[in-house]
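Structure assessment
Listed below are the residues making up each chain.
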Amino acid sequence: MAIYFNFIGSLSSCKETEKFKPYERIENEKGITTKYKFSARCGSDNHFISFMGWERKGGSKDFYSRREVGGKTENCTIKYEDRNKKSVIDSVPETSKFIIDVNPSGYVAGLEHLVDDFKDGSVTDEAMAKYKVTSLDEAKAALEKAKAGRQEYIYAPDFVEALKKFVESKPEGEFHISGEYKLNNYNGQWYSSFMVNKITRYVPKDDKPVNNSSMTIKMLVTNESVNNENEEKLIVSGYVPVYAGKDDDGNPKYDYCPIDVVVYKSEETTKKIDGIISKLTYSPDDNVENAKEIGFVCRVHNGSDRVKLTYDMLSDEQKESVDCGLCDIEDIEKEMNGAYGERKTDIEIIRLAKGYTSGAQETVYTVAEIKGESEDDLGLDDDDDIFGLE
């Protein structure tokens, strides 16, 4: 159950300190690991984004990837020396590439179609207006310029270096930053990171508000997942299966990372909370020993939302200035460059994800397996008839 994020924000380098290194190159006898971290300011949230690549030391540096053959996608091995060949990169599907594009998503592909339309005489006035061209030559020139701003990689260590160079060039404007939210269990402690694989220019389509910190989560829930006791928020506690290798019989093994998602309580969210509770409540016919699967589109908070400044939020000195008519609340708000609420670090449920509008779905995952409970944990004796055979 991979978790994917899609952020919108500006990019900036992280300051290096004695304890924090945004760029690392770690060598051992097996290979070289390169890591890079940078910051993305997404509205009122600030996220650390990262990426890492590993290169074998000694012997063959060929690597695994995917390629399209005859309309199908298959696993393949790519020779290290061929990794930058255009024909090789073009054979790899976009989902297996690492991309940096100063153009909006789909812009280069759109210009390629436009050039083809000019050639076969099917170009439309709307298409020419969209790309601001009036002839085949202008379309070709626009396409070449757009291609120069798009970088595609299929080898992770190359992408690390390109990412570092791009962010450190201080690109202006906002970008779509997308990738996978990685979960890792190390010595019983869970760690998470936003692992980017694609950056493209963000162009707003209209004035409607957008979720700058969007993440789609698929998680397992039990009949004990919903907690409505907190005064400030509804809490849904679930688990995400994380691949942990294979067992002695060659079957896949999983660890289960606990994860909480919330809905903040207010008059506007009352119906949403009731709906979530309804979707996740087990019916009398449900098997409570099995977990269910649910998907949410969420907002990842890591900052303070901007709020409307009110009189109660003012300091005593500011209240005195307002009371004396020396200024008004709007003047103070401008002076403060906006007012901000309490810092939040929750993952907030926005809506149900695609495929889950009917609610949670049944799975074969057992609650005992997810929680790591053995028969001893469940209080069973060797002679207990757990299968109903007696």
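It should be noted that the structure appears before, not after, this text.
Residues numbered from 1 in each chain as written. Predicted model: local features only at pLDDT ≥ 70, side-chain atom pairs only at ≥ 80, totals over all residues. Heavy atoms only, no water.

1. Examining helix α5 (residues 156–168)
The terminal C-alpha atoms of α5, which comprises 13 residues, lie 18 Å apart, in line with the 18 Å expected from a rise of 1.5 Å per residue. Along α5, the residues classified as buried are Ala156, Pro157, Asp158, Phe159, Val160, Ala162, Leu163, Phe166 and Val167. Just downstream of α5, lysine 170 is the residue with a positive phi angle, here 60°. (Helix = DSSP H or I, 4+ residues; strand = E, 2+ residues; numbered from the N terminus. Expected span 1.5 Å × (residues − 1). Buried < 20%, exposed > 50% of the residue type's maximum accessible area, 1.4 Å probe, protein only.)

2. Some thoughts on the side chain of histidine 47
For histidine 47, the location among the structural elements is in strand β4 (residues 45–56). A polar atom in the side chain of histidine 47 sits 3.0 Å from the side chain of serine 213. Sequence-distant contacts of histidine 47, that is, excluding residues within four places in its chain, are made with Phe7, Phe38, Ser39, Ala40, Cys42, Phe194, Ser213, Val300 and Asn302. (Polar contact = N/O pair within 3.5 Å; in protein donor to acceptor, adjacent residues only side chain to side chain. Contact = heavy atoms within 4.5 Å.)

3. With respect to a negative patch on the surface
Side chains of Asp316, Glu317, Glu320 and Asp323 sit close together on the surface and give a patch of like negative charge. Here glutamate 317 lies in helix α7 (residues 316–323). (Patch = residues over 30% accessible without salt bridge, like charges linked within 9 Å, V, L, I, M, F, W, Y side chains within 5 Å. Areas by Shrake-Rupley, 256 points an atom, 1.4 Å probe, with all protein chains shown as cover. Salt bridge = Lys/Arg side-chain N within 4 Å of Asp/Glu carboxyl O. Lys, Arg positive; Asp, Glu negative; His and termini not counted. Charge placed at Lys NZ, Arg CZ, Asp CG, Glu CD.)

4. Examining unusual backbone geometry
The phi angle at lysine 132 is positive, at roughly 60°, despite the residue not being glycine. Within the fold, lysine 132 resides in the loop between α3 (125–131) and α4 (136–148). At lysine 170, a position not held by glycine, the phi torsion is positive, near 60°. Take lysine 170: its relative accessible area is 68%, and that puts it in the exposed class.

5. A word on the pairing of strand β3 (residues 31–42)
With nine of 12 residues buried, β3 lies mostly within the body of the structure. For strand β1 (residues 4–13) and β3, the ladder comprises four bridges, and the chain directions are antiparallel. When the sheet's bridge partners are listed, serine 10 is paired in β3 with arginine 41. Sheet topology places strand β2 (residues 23–27) next to β3; five bridges connect them, and they run antiparallel. Looking across to β3, one finds that glutamate 27 is bridged to isoleucine 32. Between β2 and β3, which pair antiparallel and follow one another directly, the connecting turn spans three residues. In the sheet, β3 pairs with β4 via 12 bridges, with the strands oriented antiparallel. Bridge pairing in β4 links serine 39 to phenylalanine 48. (Pairing = 2+ DSSP bridges.)

6. Some remarks on the packing of helix α2 (residues 107–120) against α4
For the pair α2 and α4, the least separation of the axes is 9 Å and the interaxial angle reads 160°. When the axes of α2 and α4 are compared, the pair comes out roughly antiparallel. Between α2 and α4 lies a crossing whose hand is left-handed. Here Tyr107, Val108, Leu111, Glu112, Leu114, Val115, Phe118 and Lys119 of α2 come into contact with α4, specifically with Leu136, Ala139, Lys140, Ala142, Leu143, Ala146 and Lys147. Of the residues that constitute the contact of α2 with α4, the class distribution is 11 nonpolar, no polar and four charged. (Axes fitted to C-alpha atoms, helices over the stretch in contact; angles between N-to-C directions. Parallel < 35°, antiparallel > 145°, perpendicular 65-115°, else oblique. Left-handed = near helix turned anticlockwise from the far one by under 90°. Nonpolar A, V, L, I, M, F, W, Y, C, P; charged D, E, K, R; others polar.)

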